[in-house]
Amino acid sequence: MSLFDRLRSGLKRTSSSLREAVTSIFTGGRVTQEFLDELEEVLIQSDVGLKAAMALRDRIQEENKKRNLKTPEELFGVMEEMVAEILEGVSEPLRTAPSGPTVYVLVGVNGAGKTTTIGKLAERWRGQGKSVIMAAADTFRAAAQEQLAVWAKRTGSTIIAHQSGSDPGAVAFDAVRAAISRGVDLVLVDTAGRLHTKGNLMEELKKIIRVIGRELPGAPHEVILVIDGTTGQNGLNQARVFAEAAGVTGVCITKLDGSSKGGIAVAIADELGLPIKLVGVGESADDLRDFDARAFAKALFARPE
Amino acid sequence: MKPKMEFEGLSARLAGVFKKLRGKGKLSEKDIDEALREVRLSLLEADVNFKVVREFIAQVKEKSLSAEVLESLTPAQQVIKIVHEEMVELLGGKAKPLDLSGNPPAVVVLYGLQGSGKTTTAGKLALNLRKSGRRVLLVSCDVYRPAAQRQLEILAEKSGAGFFTMDPGTDPAAIARGGYEKARTGAYDVVIFDTAGRTQLDDEMMDEAARIRDAVSPRESILVVDAMTGQEACKVAQAFDEKVGLTGIILTKIDSDARGGAALSIAKVTGKPIKFASTGEKLEDFQVFHPDRMASRILGMGDVLTLIERAQAAFDEKKAEELERKLRKKEFTLEDFIAQMKEVRKMGSFGDLLRMIPGLNRMKIDVDIDPKEWSRIEAIVNSMTPLERRRPEIIDGSRKRRIARGSGTQVQDVNRLLKQFFQARRMMFQMTPEKMGRLRLP
């Protein structure tokens, strides 16, 4: 199934898709001041954020002056184009090491889906015949290592783990070392979920990343911030703080198989310029997709199936 | 590291609106509309669902149009008061405890989206109930997420609860039945069922949730919701309520800086109370939910009403007037400082108090005084001459040494007190009459 179809599938039973909402308020077939006000609110409903909502509203107003928008289709065309522009403007594929092991560190708040995303990434690389080491650097949460171990077993990856409660930097260190000496292609570092409001935990993250960089120059090649697709405006705060503390290079939006269309992606790309690199659209491994700005923008305004 | 707040608090915005209206005398409906537009935007930014916002604003507007508000000299406070009260009401009024009545074991089932925090919440709830002397059994019905069962087992150990689950190949409803049997025969007071995370769009999984419910007939069916959830919170809560019949909500991760509008959305669409809030990483970080605090947080206005109440209870009117007069004249002496400190001590720490004031709540404030230090401070001030108390600027090195000797303290102690005083005075003088006015009840 294409990414667009996958993203759209969640819409089928949500009565109030963005599309329907916009259509329902565009009653007079004319862009009026009142309509623009309502449009702004409806856009906020999709978690794109106040700033993007206002920008979309302004764009509609501008376009309307130029060519008199008369149908909902024309409106969607304008907005879809603009969202795609915002997302494409910062778009970038996942980076890999030119030679030697590639290292990805996954960071994010609790319950965002880091470990599951690691499992899916591992499956993808293993499917291409590459070797993978998982570093269980979440030494805090109960059974986090066991959870990762199950994924390692499923995907035929190696797992490096220390005792629960041990130093996560040391786990990352060992994993990178092992990858270098064994000529492993990919290291996936699973970190403990942490709220961006916890200064000490953000410091810990910095240390993990520092340790990796010291062991393998150029690494980590990606610091991927995993954000739950149902997150509201707080996603912006998350992205801002993680970007500052951990040097996030890309974002993965998960759980887009739910009713949320992940509007927060637009806010993050728009206000922080961070590229969205991956999206999680379901439970199975091939439901982790490379981000496609056009498909995403289209799905945001899609018609229910 | 303090993350930057993206948005201004509501109180600042409302103050802006009403500043324009100041001196206008009676307010019109249009003025109220303008103020309510700010409230609306603020709520939307806090992730309150937009439909909920509309209904809520309509409700507030009706009340705001009463003569009381329109003719009030302090309409901003009146509107904030109404908004706040309505919100507290919506969020469930007084905090409601779990219903564990009837024949034991009392059955609690936790449902929710993936990653909302169900398993951790199960452990926290178990510990909470253990503390009140109950025997608790934790049952894992999550056969999908790798190691979810093991996670709950560890949390059961940590919280002193019993644990039950079955092979991951087993039907979760069968595990639930087995868990209930164990709770019944094992004389447990409470049995908590942790279920797998599921999206409400997954029919098969939602059917499974209903089958788990049917297997154990819960007294409490709780939806666990991440406080950072956005606009989808409504749909999620509604769908779970329709499928399994919720009795309450537990809000997790409120130690984030999310304004938590999802709480309001859910309370409004389900009409179900929020019973607990999860406030940190540790198992102990779990509290009864306080609607009033949540309301203030959603409004991004600091805990201003609590402040007003506490201030009212502690300050006597005359002293407050006297202080206000002095502040207007920019007179603030060490004597006032000490008098203030005495008053403030009745209300809790000075820093806490200042942090509750809108506009000040994001400033770094370092004026808290250790209670143990209090007697020392009094001794220091008592060792000063009346002139020194009124004009602390004149206290030079030799005066400091004398004061330290007289009070049995060190020069550093005197220095510290003076530093705190000057800091407090600077802050007091920054409080303009408008800000002062906002601290008083209409």
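Summarised in this report is the structure supplied together with it.

Rules of the game
- Residues numbered from 1 in each chain as written.
- Chains lettered and ligands numbered in written order.
- Predicted model: local features only at pLDDT ≥ 70, side-chain atom pairs only at ≥ 80, totals over all residues.
- Heavy atoms only, no water.
- Core = buried A, V, L, I, M, F, W, Y, C linked by side-chain atoms within 4.5 Å.
- Buried < 20%, exposed > 50% of the residue type's maximum accessible area, 1.4 Å probe, protein only.
- Helix = DSSP H or I, 4+ residues; strand = E, 2+ residues; numbered from the N terminus.
- Pairing = 2+ DSSP bridges.
- Contact = heavy atoms within 4.5 Å.
- Buried area = accessible area lost by both parts, 1.4 Å probe.
- Salt bridge = Lys/Arg side-chain N within 4 Å of Asp/Glu carboxyl O.
- Nonpolar A, V, L, I, M, F, W, Y, C, P; charged D, E, K, R; others polar.
- Right-handed = clockwise from strand over helix to strand, strands pointing away.
- Axes fitted to C-alpha atoms, helices over the stretch in contact; angles between N-to-C directions.
- Parallel < 35°, antiparallel > 145°, perpendicular 65-115°, else oblique.
- Left-handed = near helix turned anticlockwise from the far one by under 90°.

Moving on to the nonpolar core. Grouped together as the largest cluster of nonpolar side chains are 180 residues, with contacts concentrated most on A:Met79, B:Leu43 and B:Leu91. When residues in this core are grouped by element, the largest group, 9 residues, is from helix H5 (residues 72-89) of chain A. By size, the runner-up hydrophobic cluster in this structure holds 22 residues, among which are B:Ala156, B:Val190, B:Ile192 and B:Val224.

Now for the pairing of strand S4 (residues 190-195) of chain B. Residue and element names in this part refer to chain B. Within S4, 6 of the 6 residues are buried, which leaves the element mostly enclosed by the surrounding structure. Alternating positions in S4 separate into two faces, Val-190, Ile-192 and Asp-194 on one and Val-191, Phe-193 and Thr-195 on the other, with burial throughout. Bridge analysis of strand S1 (residues 106-111) against S4 gives 5 bridges, and the strand direction is parallel. For Leu-110, the partnering residue across the bridge sits in S4 and is Asp-194.

What follows deals with the interface of chain A and chain B. Counting residues at the interface gives 53 residues for chain A, matched by 41 residues for chain B. Together, the buried faces of chain A and chain B total about 4,200 Å²; carbon and sulfur atoms form 54% of this surface. Here chain A is connected to chain B by 5 salt bridges. When the shortest N-O distance is used, the salt bridge between B:Arg40 and A:Glu41 registers 2.8 Å. Secondary-structure elements contributing two or more residues to the side of chain A that touches chain B are helix H3 (33-44), helix H7 (144-155), helix H9 (199-215) and helix H10 (234-246) of chain A. The residue inventory of the side of chain A that touches chain B, partitioned by class, reads 15 nonpolar, 21 polar and 17 charged.

Further remarks concern the pairing of strand S2 (residues 136-141) of chain B. Residues and elements named next belong to chain B. S2 sits mainly inside the fold: 6 of its 6 residues count as buried. Burial of S2 is two-sided: the residues Val-136, Leu-138 and Ser-140 facing one way and the residues Leu-137, Val-139 and Cys-141 facing the other way are all buried. Bridge analysis of S2 against strand S3 (residues 162-164) gives 3 bridges, and the strand direction is parallel. Directly across from Leu-137, in S3, lies its bridge partner Gly-162. The parallel pair S2 and S3 is bridged by helix H7 (residues 148-159), and the resulting crossover is right-handed.

Residues and elements named next belong to chain A. Following both chains from N to C, one finds helix H2 (residues 18-25) and H3 inclined at 165°, their axes separated by 10 Å at the closest point. Here H2 lies roughly antiparallel to H3, going by the angle between them. Our pair here, H2 against H3, has a crossing hand that is right-handed. Where H2 approaches H3, its residues Leu-18, Ala-21, Val-22 and Ile-25 are matched on the opposing element by Phe-35, Glu-38, Leu-39, Val-42 and Leu-43.

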